[in-house]
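Here's the letter readout for the chains.
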Amino acid sequence: KGKRAFIAGVADDNGYGWAIAKSLAAAGAEILVGTWVPALNIFESSLRRGKFDESRVLPDGSLMEITKVYAMDAVYDSPEDVPEDVKTNKRYAGSTKWTVQELAESVQKDFGTIDILVHSLANGPEVTKPLLETSRYGYLAALSASSYSYVSLLKHFLPIMNPGGSSISLTYIASERIIPGYGGGMSSAKAALESDTRVLAFEAGRKKRVRVNTISAGPLRSRAAKAIGFIDMMIDYSSANAPLQKELTAEEVGNAAAFLSSPLASAITGTILYVDNGLNAMGVGV
Ligand code: NAI
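Read on for a plain summary of the structure.

How each quantity is defined
Residues numbered from 1 in each chain as written. Predicted model: local features only at pLDDT ≥ 70, side-chain atom pairs only at ≥ 80, totals over all residues. Heavy atoms only, no water. Helix = DSSP H or I, 4+ residues; strand = E, 2+ residues; numbered from the N terminus. Rg over C-alpha atoms; globule rule 2.2 N^0.38 Å. Buried < 20%, exposed > 50% of the residue type's maximum accessible area, 1.4 Å probe, protein only. Areas by Shrake-Rupley, 256 points an atom, 1.4 Å probe, with all protein chains shown as cover. Pairing = 2+ DSSP bridges. Near = heavy atom within 4 Å. Polar contact = N/O pair within 3.5 Å; in protein donor to acceptor, adjacent residues only side chain to side chain. Patch = residues over 30% accessible without salt bridge, like charges linked within 9 Å, V, L, I, M, F, W, Y side chains within 5 Å. Salt bridge = Lys/Arg side-chain N within 4 Å of Asp/Glu carboxyl O. Core = buried A, V, L, I, M, F, W, Y, C linked by side-chain atoms within 4.5 Å. Contact = heavy atoms within 4.5 Å.

**Considerations on the overall build of the protein chain**
Right, so step 1: Within the protein chain, the secondary structure is distributed over 10 helices and 7 strands.
Right, so step 2: Over its C-alpha atoms the protein chain spans a radius of gyration of 18 Å, differing by no more than 12% from the 19 Å that the globule rule assigns to 286 residues.
Right, so step 3: Reported as C-alpha extents along the three principal axes, the dimensions of the protein chain are approximately 55 × 45 × 45 Å.
Right, so step 4: Across the 286 residues in the protein chain, those meeting the buried criterion constitute 52%.
Right, so step 5: For the protein chain, the accessible area works out to roughly 13,800 Å², and carbon and sulfur atoms hold 55% of it.

Following this line, the structure appears as structure tokens:
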């Protein structure tokens, strides 16, 4: 029987979420995605109009099918958490059931269960500010959107995950090494995400035999990364200094995610897998 995957954080064909969806589809999984409410209309209309058709091509020549696109906002767990101004915002008012709890209920109603859960989203309103200039609001917002969003997603989806399933998130080396420019509490958010990966691996492993891992990915020119402002420099730095002197493709991260989600990785849980051309292993630039 084919596996079913839910990938949270796909809103175009440039990011890691899209590439992970493709690698999982190529391996035979059914694909469901969760798209941030404000980005939903453009993503769905672009999909419909064929704007992504070239990027939908799988290795066997067929096109990746996305069975269903769900609206989501990972900073709200249930309708009671949504402030009035967001509820009445016209982009939000146009969709329904996008809190994490309602999202999991909708997926259960539509499909029953899933096997693979992917968290490929992050947000930090003050990411361009150094940590010393970050406000309490900005710091907590980064943690809410980038770290707790994963705890919440797994908490709500675990009951509908089949035993033996797998869950993956995306992290960045700025959690453990100083990367000037990755500010606003985003480095803190990734450190929390990595620590939570271990604790959640224990809890989800004991509860449901679900594996929990995170991929520490190298730099990719995604929409989110362009907003940080230093992505071209990080790509150049990696090409100059990493053991493998090539640009990292999103597909390479997608393939690692497909491996981690497969039975080939059946004893791997609670780990950080570096998919970064080896840059993490360097001690100095060369
Ligand atoms: P992306 O822009 O493709 O993905 C980020 C997604 O998060 C977007 O689709 C955005 O709509 C969504 N999002 C933001 N706030 C949300 C919310 N409250 N609820 C639901 N969705 C929300 O960019 P990218 O870079 O592929 O990011 C995916 C993951 O990869 C993130 O966790 C990021 O930190 C991580 N990563 C990215 C690296 C890079 O160089 N691009 C390097 C290492 C990790």
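**Points about the pairing of strand 4 (residues 114-119)**
Right, so step 1: Counting buried residues in strand 4 gives 6 out of 6 residues, a clear majority hidden from the surface.
Right, so step 2: Sheet topology places strand 1 (residues 4-8) next to strand 4; 4 bridges connect them, and they run parallel. In the sheet register, alanine 5 faces strand 4, and the bridge partner there is isoleucine 116.
Right, so step 3: For strand 4 and strand 5 (residues 161-171), the ladder comprises 5 bridges, and the chain directions are parallel. For valine 118, the partnering residue across the bridge sits in strand 5 and is isoleucine 168.

**Notes on the site of the ligand**
Right, so step 1: Taken together, the neighbourhood of the ligand is formed by 26 residues, with Tyr16, Ala74, Lys190, Leu220 and Ser222 sitting nearest.
Right, so step 2: Within the side chain of tryptophan 36, a nitrogen or oxygen atom sits 3.4 Å from a nitrogen atom of the ligand.
Right, so step 3: Leucine 220 is positioned such that a nitrogen or oxygen atom in its backbone is 2.8 Å from an oxygen atom of the ligand.
Right, so step 4: Protein chains shield 93% of the accessible area of the ligand, which is 820 Å² for the free molecule.
Right, so step 5: Taken together, the elements giving at least two residues each to the shell around the ligand come down to strand 5 and helix 8 (223-228).
Right, so step 6: Broken down by element, the shell around the ligand gets its largest block of residues, 3 residues, from helix 8.

**Some details on a nonpolar patch on the surface**
Right, so step 1: Taken together, the side chains of Leu131, Tyr139 and Leu140 present a nonpolar region at the surface, about 280 Å² in accessible area.
Right, so step 2: Position of leucine 140 among the secondary structure elements: in helix 6 (residues 136-157).

**Quick look at the nonpolar core**
Right, so step 1: Among the nonpolar cores identified, the biggest contains 44 residues, and Ile7, Leu24, Ile31, Phe43, Ile66 and Ile215 are the most heavily contacted of them.
Right, so step 2: Per-element accounting of this core gives the leading share, 7 residues, to helix 1 (residues 16-26).
Right, so step 3: Once residues lying within four places of it in the same chain are set aside, the contact partners of isoleucine 31 are Ala5, Ile7, Ala21, Leu24, Ala25, Glu65, Ile66, Thr67 and Lys68.
Right, so step 4: In this structure, Met72, Leu103, Leu154 and Val212 belong to the second largest nonpolar core, which totals 25 residues.

**Quick look at unusual backbone geometry**
Right, so step 1: We note that arginine 209 has phi near 60°; this positive angle belongs to a residue other than glycine.
Right, so step 2: Position of arginine 209 among the secondary structure elements: in the loop between helix 7 (186-208) and strand 6 (211-217).
Right, so step 3: Within the chain, asparagine 277 stands out as a residue other than glycine whose phi angle is a positive 60°.
Right, so step 4: For asparagine 277, the location among the structural elements is in the segment after strand 7 (272-275).

Geometric descriptors of this kind do not, in isolation, establish any biological role.
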